[in-house]
Amino acid sequence: MQASTAPPTYESEILDHLGLVAGMYDELEIGRRIDSCIAQDLDQREVSVGQAVKAMVLNGLGFVQQSLYLTPRFFKNRPTDRLIGEGVEPEHLNDDVLGRALDGLYDYGVTELFRDLSAHAAARLGLTPRFAHLDATSFLVHGEYDGDEEPEDGVIQVRKGYSRDQRPDLNQVVLNLMVEHKAGLPVLMEPLSGNASDQGIFRELIDRHVDQLQNAHGFDYVVADSALYSAGHIQDLDEAGTKFVTRVPGTLNEARQAIQNTDLSDLKPLSDGYHAREKISEYGDVKQRWLIVYSEAAADRATQSAANRRDREHEAEKSDLRELEMREFSCREDAEKALNAFEEELTGSVWAKKQLLRAARFTIDEEGVPVETGEASYLLQGTLVPSEDRLAQLVKKKSFFIVATNQLDKERLSGKELLEGYKGQSKVERGFRFLKDPQFVASSLFLESERRIMALLMVMTLCLLVYAALQWRIRQGLKETGCSYPDQKGNPTQRPTARWVFQSFEGIHVLHTGKQQFILNLEEYHRTVVSILGPEYERLYVSHPT
């Protein structure tokens, strides 16, 4: 009798977009460089620090809102050997292994290590940016931290401070971030204590790191919002030879005066929707160019809000006028004084008409006939209408802004380039939105150690680096090959977001049957992206039928 053959066994694992993430992590040599910097203890665990960090990056870019300690669960149904390394199993990625990896990152120095990794990544991607954009944000922190202990050198403190999430009641930490302007690739991250303020931390960060960053990345200008702009900051930058591009605070008297003295007829077209003129300023004893910019889009946005504000002011002033009209003044001088004081306070209104009335006083004689007493009182009467000048003033205030630079040579940095450099500040803001997306890691942290919080912030920024690098490579590849990718509506595009590409890779699985492996649900548009990215990515999405 012939022996029966056992039926084949089948096992399916989720691959989705994680092959893209793993491929970029390897292409940028992040794990290899981490392992070359940090001493390994492979006799105590199955994965290296670089592999543990890769697992955390895969978890973070899995967009499933998994806490760090749930990383083994995240990988339970995913091909860890394909994504992380041969022989790696989900149980190898436990919280003890990941925690010790975070400790290793902290011990080396998270800012210094990230600076090296990002410089190497930018070089591999061929990115040589002119502008580096600087900003800061905060992350909420839950847990008990001993705020009475003496601060330890090099370790941030969880503290209450100015909250960008409008939660000043909660503890937080702050993250400084600098990104280049082409791909939005982060080039520097620095964790800070929760009570750090932009006015001081930007200056210190630039002092510590800008020389190394300029040498590593070759950028020409540090770009920041108005928090960077103060007399002391720009003096230090100028004396150090650092070229800056920053917005001038609208609260400065010189800035307000410059905008007030600018008419639209003074401006020249700069780029689509923008008009500008330049002036030389020596604010803070630093000779600099001020680009006074009028934005058509800002003017359109401001029109309704400015009208609403003017109308609120007008209604309040009409109410005040009604109260004033009910008063009686014993002499003309008092009435005129009250009228002048009222006029000086008018903002949203102007007079349509006004008058000062003399009102005779009467008494009733014995026969019941009104008789004038010879005394008089004075009354005010008037009509207010909304002020068109006030509306124009409010719209103008919202329509203009000033960008400053200490690059005086227009041949090196034209007005148009100056504006474009400043507008690139949105890339760092998009980076923060990415990091604080609840589907990523969430806006709050739950680790018990400040050291590990610092390391986790580095891992989160590595996620942003991998994400930005993938988006850049995909877009560049589509453009160079003339290919396209279907957007959410099925229309071809050469500029898909990495988030959309990730979502469209959902449903790709690895089917195991014995020693055979098959990739399921891989469509032609998936193959286009994988092919553009190169052979190492194709290897992650290839079947092994034998």
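One can find the structure itself at the top, above this paragraph.
Asker: Teacher, can you tell me more about the overall build of the protein here?
Answerer: Along its length, the protein carries 19 helices and 17 strands. With 546 residues in all, the protein has 51% of them scored as buried. Put simply, 70% of the contacts in the protein that link residues at least 6 apart link residues at least 24 apart. As displayed, the protein offers around 27200 Å² of accessible surface, 46% of which is attributable to carbon and sulfur atoms.

Asker: Is there a simple way to think about the environment of Thr461 in this case?
Answerer: Examined against the element boundaries, Thr461 turns out to sit in helix 16 (residues 450–481). Accessibility expressed as a relative area gives 0% for Thr461, which makes it buried. Residues Thr461 and Val57, 404 residues apart in the sequence, show an inter-C-alpha distance of 9.3 Å. Dropping the residues within four chain positions of it, Thr461 is found in contact with Phe114, Leu175, Leu177, Pro186, Met189 and Leu435. A polar atom in the side chain of Thr461 sits 2.7 Å from the backbone oxygen of Leu457.

Asker: It is not clear to me how the pattern of salt bridges should be interpreted in this structure. Could you clarify?
Answerer: Any two side chains of opposite charge can pair, so long as their charged atoms come close to each other. With the rule as written, the count across this model stands at 22 salt bridges. In this structure, the salt-bridge partner of Glu254 is Lys279, at a minimum N-O distance of 3.8 Å. Of this pair, Glu254 sits in helix 10 (residues 253–260) while Lys279 is found in strand 8 (residues 274–281), placing the two residues 25 residues apart along the sequence. A residue is classified by how much of its surface remains accessible, and Glu254, at 30% relative accessible area, is partly exposed. Assessed through its relative accessible area of 25%, Lys279 is described here as partly exposed. Through salt bridges with shared partners, one network takes in Glu29, Arg32 and Arg124.

Asker: Looking at this structure, how should I read the packing of helix 1 (residues 18–27) against helix 3 (residues 49–60)?
Answerer: Helix-helix packing is characterised by the crossing angle of the two axes and by the distance between the axes. Running from amino to carboxyl end, helix 1 crosses helix 3 at an angle of 140°, the nearest separation of the two axes being 10 Å. Taken together, helix 1 and helix 3 sit at an angle that is classed as oblique. Helix-helix and strand crossings are classified by hand; for helix 1 and helix 3 the assignment is right-handed. Contacts from Leu18, Val21, Ala22, Tyr25 and Asp26 of helix 1 reach helix 3 at Gly50, Val53, Lys54, Val57 and Leu58. Classifying every residue of the contact of helix 1 with helix 3 gives seven nonpolar, one polar and two charged.

Asker: Mind showing me how you'd approach the packing of aromatic side chains here?
Answerer: One pair of aromatic rings is described through two measures. These are the centre distance and the angle between the planes. Following the criterion strictly, the structure yields nine aromatic pairs and no others. Ring geometry for Tyr229 against Tyr283: centres 5.5 Å apart, planes inclined by 20°, an arrangement best described as stacked. Of the two residues, Tyr229 is situated in the loop between strand 5 (221–224) and helix 9 (231–239) and Tyr283 in the loop between strand 8 and strand 9 (288–295); the sequence distance between them amounts to 54 residues. Here Tyr229 falls in the buried class, since its relative accessible area comes to 5%. With 5.8 Å between their ring centres and 85° between their planes, Tyr467 and Phe502 make a pair best called edge-to-face. Within this pair, whereas Tyr467 is found in helix 16, its partner Phe502 is found in helix 17 (residues 498–504), the two being separated by 35 residues in sequence. Looking at Tyr467, the relative accessible area reads 11%, which means it is buried. Note on Phe502: relative accessible area 3%, which makes it buried. Positioned over the ring face of Phe74 is Arg78, at 4.1 Å from the centre of the ring. Against the face of Phe400 rests Lys396, its NZ or CZ located 5.8 Å from the ring centre.

Asker: What's the story with unusual backbone geometry in this structure? I'm lost.
Answerer: Residues other than glycine predominantly adopt negative phi, and peptide bonds predominantly adopt the trans conformation. The phi torsion at Asp16 lies on the positive side, around 50°, for a residue other than glycine. Note that Asp16 resides in the loop between strand 1 (10–14) and helix 1. The buried category is assigned to Asp16, whose relative accessible area is 15%. Phi at Asp285 takes a positive value of approximately 60°, unusual for a residue other than glycine. You can see Asp285 is positioned in the loop between strand 8 and strand 9.

Asker: Would you explain the pairing of strand 8 in this entry?
Answerer: Two faces belong to every sheet, and in a regular strand the side chains alternate between them. Where strand 7 (residues 268–271) and strand 8 come together, three bridges link them in antiparallel fashion. By the bridge assignment for strand 8, Ser271 is matched with Tyr274. Counted along the chain from strand 7 to the antiparallel partner strand 8, the turn is two residues long, and its residue Gly273 has a positive phi close to 85°. Summarising the sheet, strand 8 and strand 9 pair through eight bridges and their orientation is antiparallel. Each bridged residue has a counterpart across the sheet, and for Tyr274 the counterpart in strand 9 is Ser295. Between strand 8 and strand 9, which pair antiparallel in sequence order, lie six residues; one of them, Gly284, sits at a positive phi of approximately 65°.

Asker: Quick question: what am I supposed to make of the side chain of His512 here?
Answerer: The residue His512 is located in strand 16 (residues 509–513) in this model. Residue classification places His512 among the buried positions, given a relative accessible area of 14%. There is a polar contact of 2.7 Å between the side chain of His512 and the side chain of Glu13.

Asker: Help me out: how do you make sense of the nonpolar core in this one?
Answerer: As a rule of thumb, nonpolar side chains are buried together in soluble globular proteins. If you look at the biggest cluster of nonpolar residues, it comprises 93 residues, and the most contacted ones within it are Leu20, Ile34, Val53, Val57 and Leu105. Of all the elements, helix 16 adds the most residues to this core, at 20 residues. With sequence-adjacent residues up to four places away left out, Ile34 is seen in contact with Tyr25, Val49, Gly50, Val53, Leu105, Leu113 and Leu117. Grouped together as the second largest cluster of nonpolar side chains are 29 residues, Ala224, Tyr229, Ala258 and Trp290 included.

About the criteria used
Residues numbered from 1 in each chain as written. Predicted model: local features only at pLDDT ≥ 70, side-chain atom pairs only at ≥ 80, totals over all residues. Heavy atoms only, no water. Helix = DSSP H or I, 4+ residues; strand = E, 2+ residues; numbered from the N terminus. Buried < 20%, exposed > 50% of the residue type's maximum accessible area, 1.4 Å probe, protein only. Contact = heavy atoms within 4.5 Å. Areas by Shrake-Rupley, 256 points an atom, 1.4 Å probe, with all protein chains shown as cover. Polar contact = N/O pair within 3.5 Å; in protein donor to acceptor, adjacent residues only side chain to side chain. Salt bridge = Lys/Arg side-chain N within 4 Å of Asp/Glu carboxyl O. Axes fitted to C-alpha atoms, helices over the stretch in contact; angles between N-to-C directions. Parallel < 35°, antiparallel > 145°, perpendicular 65-115°, else oblique. Left-handed = near helix turned anticlockwise from the far one by under 90°. Nonpolar A, V, L, I, M, F, W, Y, C, P; charged D, E, K, R; others polar. Phe/Tyr/Trp six-rings, centres within 6.5 Å; stacked < 30°, edge-to-face > 60°. Lys NZ or Arg CZ within 6 Å of the ring centre and 35° of its normal. Pairing = 2+ DSSP bridges. Core = buried A, V, L, I, M, F, W, Y, C linked by side-chain atoms within 4.5 Å.

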